[in-house]
Amino acid sequence: MALLRRYGAYLAIAAAFVYFLYTLSFPYQSEPSEVPHRHNQHGGSKQAPQQGSYKWAKIPLKHPVTSMIPLPTGSPLPLPKIQFDFGTEDKTAKNIREKRLTEVKKAFERCWRSYRERAWMQDELEPITGGSKNPFGGWAATLIDALDTLWIMDLQEEFHSAMKDVAAIDFGRTDSERVNVFETNIRHLGGLLAAYELSGEKILLQKAKEVGEMLYHAFDTPNRMPITRWDFHKAGAGKAQVADETVLVAEIGSLTMEFSRLSQLTNDPKWYDAISRIMEVFEKQQGKTRLPGMWPIVVNARKPDFTQDTGFTLAAMADSLYEYLPKTYALLGGLNPLYKKLYQGSMKTAIRHTLYRPMTPENADILMSGFVRAEGSEANLYPEMQHLVCFAGGMFALGGKIFENEEHVAIGRKLADGCVWAYKALPFGIMPEVSHLYACPNTTECDWDEQIWKDEVARRADLGTEKDPLQNIANLRLPKGFTAINDRRYILRPEAIESVFILYRITGQQQWQAAAWDMFTAIQQNTQTDLANAALIDVSVSDSSPPKMDSMESFWMAETLKYFYLIFSEPNVISLDDYVFNTEAHPLKIPK
Ligand SMILES: *[C@@H]1O[C@H](CO)[C@@H](O)[C@H](O)[C@H]1NC(C)=O
């Protein structure tokens, strides 16, 4: 993976790990540019199609739990008010807002129609050729992921007419060799739970339970730590399993919301028990890592030892571990203080070590969150900017509200502003997947210095025979402030609009709606195909429109378009006082 390969000292583990990832050929959200079409290789046709269907709930466990950890009891604590107290809207503002809302809905309906016509029941539509692919087990990922968006956009007929096909999805079989537990949890389990909560359709809870029964078998190991890249057929055949020694921390740490909610809705504590055992490890080892407070990107689930690796980030491969802490706290009605403790401890470290102010020609007062290598007594910051880390603005702002910490809300605003800045900096108004900036010495004051920027570009670039820094910058297609663009794609990602949406609902400031509209028009204009919307290969070109690739991940309709829709909805539609969104933008109800 590019993220690992870029840092020299990381190569030892990276070599083993890259091999590990390739053999599993997994669809992680942050896949690097070097393998842009890995999804195509993924469908898992390597083994003969499975006969029959595993009845997960009936397959005996080898390592059953003898004493269940119960859900916390008691009445939910009242949470502080999260959303801005929106007053009445003036007529012009309402007019503009509703026009924009209609445009977003139109974009969604186009994609939905094409999926329905050409890729129905498949995981993804190919938006250029009209083909389809199945990188997520072949369980209709786009359909399940988009169900709650259909409901929110009031596409009732489409929603109800999909129910019988959803009911027919068989989670006891797949042609894939391995199942990515994290992706199945956030997309399928999260999608079904949210659609159930909104609609009350019983079949959706039934299907969520089926997914839960399947995933529960990934926890059937001697130490009850789950296998995150899970051999479905081995488990289905009742063979012994052990947890892996090399696990991405986000994948083992981002199961708490969906599993907790499933236990709440079914009154069966086993899913809550399953994730609680993981969170105990996080708690025990929080102070023992090389950057105490945070946990490294790669952890050992077999021991379990979450302390050894030296790479730390809020970005890819760690991200939703942190995002889920305040959200799970809210979902459990504030009744388990563990989540507050883990969050406050990790954010203290993250603020101190991962945040930086990038040097920009506008001297913008913004923040970004980079990568940290911690070795010995040193913690070195690499001023990276991933599109994926744009979720952090929303996390800090929301976490700041939940735990009544205005400093965190302010940090959230500056992080979200950083992503708005990055969108505007590119020729077509769309931020690239991975780039680097120059980190100012401090966050209070930072004047643009053109020479520093040019020197930094030259230092990072492999100059070849080109000695003229200006020519060099032109060749690298770097907007001012960017010192490198390492992955030039935009894959229809949601994280920037996600944070902009949360900041809008929390502050009520119209600047966020304006920023959202600029993002939406830029994305819509440049990604639209005859059928739907396609990922972009290179957002840094300026002479022609950005070239496209034949990919539309399910998060485009599940997340990106949902957040664009919600920022232009009435603010009481899926209020942040009533719901928390999982990392796939599926709203789960906060118990009151
Ligand atoms: C912050 O860094 C700038 C240099 O970019 C310097 O001029 C300024 O004095 C520093 N401010 C503080 C508070 O350290």
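In the block above lies the structure referred to throughout.
Computed from a prediction, not measured in an experiment: that's the story for all the values here. (Residues numbered from 1 in each chain as written. Predicted model: local features only at pLDDT ≥ 70, side-chain atom pairs only at ≥ 80, totals over all residues. Heavy atoms only, no water.)

Broken down by element type, the protein chain carries 20 helices and 16 strands. Taken over the C-alpha atoms alone, the protein chain extends approximately 70 × 60 × 50 Å along its principal axes. Per-residue burial for the protein chain yields a buried fraction of 62% across its 592 residues. With an accessible surface of roughly 21,600 Å², the protein chain has 49% of that area assigned to carbon and sulfur atoms. Taken as two groups, the 64 positive and 73 negative side-chain charges of the protein chain have centres that lie 3 Å from each other. (Helix = DSSP H or I, 4+ residues; strand = E, 2+ residues; numbered from the N terminus. Buried < 20%, exposed > 50% of the residue type's maximum accessible area, 1.4 Å probe, protein only. Areas by Shrake-Rupley, 256 points an atom, 1.4 Å probe, with all protein chains shown as cover. Lys, Arg positive; Asp, Glu negative; His and termini not counted. Charge placed at Lys NZ, Arg CZ, Asp CG, Glu CD.)

A few words on the site of the ligand. By nearness alone, every residue bordering the ligand is listed as Pro441, Asn442, Thr444 and Glu445. A total of 370 Å² of accessible area belongs to the ligand in isolation, and the protein chains cover 42% of it. Among the residues making up the shell around the ligand, the classes are represented as one nonpolar, two polar and one charged. (Near = heavy atom within 4 Å. Nonpolar A, V, L, I, M, F, W, Y, C, P; charged D, E, K, R; others polar.)

With their axes 11 Å apart at the nearest point, helix H15 (residues 406–425) and helix H19 (residues 510–527) run at an angle of 35 degrees to one another. Where H15 crosses over H19, the handedness of that crossing is left-handed. Facing H15, whose interface residues are Arg413, Ala416, Asp417, Val420, Tyr423 and Lys424, H19 presents Gln511, Trp512, Ala515, Asp518, Met519 and Ile523. Of the residues belonging to the contact of H15 with H19, the class tally is seven nonpolar, one polar and four charged. (Axes fitted to C-alpha atoms, helices over the stretch in contact; angles between N-to-C directions. Left-handed = near helix turned anticlockwise from the far one by under 90°. Contact = heavy atoms within 4.5 Å.)

Alternating residues of strand S13 (residues 434–437) divide into Val434 and His436 and Ser435 and Leu437, and every residue in both groups is buried. Where strand S12 (residues 384–386) lies against S13, three bridges are found, and the strand directions are antiparallel. Bridge pairing in S13 links Gln386 to Val434. Note: S13 against strand S14 (residues 482–487), four bridges, orientation antiparallel. Note that in S14 the partner of His436 across the bridge is Ala484. (Pairing = 2+ DSSP bridges.)

Along the chain, Glu197 falls in helix H6 (residues 181–199). Side chain to side chain, Glu197 and Arg261 meet in a polar contact 2.8 Å long. From its side chain, Glu197 meets the backbone nitrogen of Lys589 in a polar contact 3.1 Å long. Residues in contact with Glu197, not counting those within four places in the same chain, are Arg261, Leu265, Leu588 and Lys589. (Polar contact = N/O pair within 3.5 Å; in protein donor to acceptor, adjacent residues only side chain to side chain.)

We now examine unusual backbone geometry. Of the consecutive residues Lys303 and Pro304, the connecting peptide bond is found in the cis state with omega at -10 degrees. Of note, Pro304 is situated in the loop between strand S6 (298–299) and strand S7 (311–313). Phi at Asp154 is positive, roughly 60 degrees, even though this residue is not glycine. With respect to the helices and strands, the residue Asp154 is situated in the loop between helix H4 (141–152) and helix H5 (156–167). With a phi angle near 80 degrees, Met317 is a residue other than glycine that sits in the positive phi range. Looking at where Met317 falls in the secondary structure, it is placed in the loop between S7 and helix H12 (319–331).

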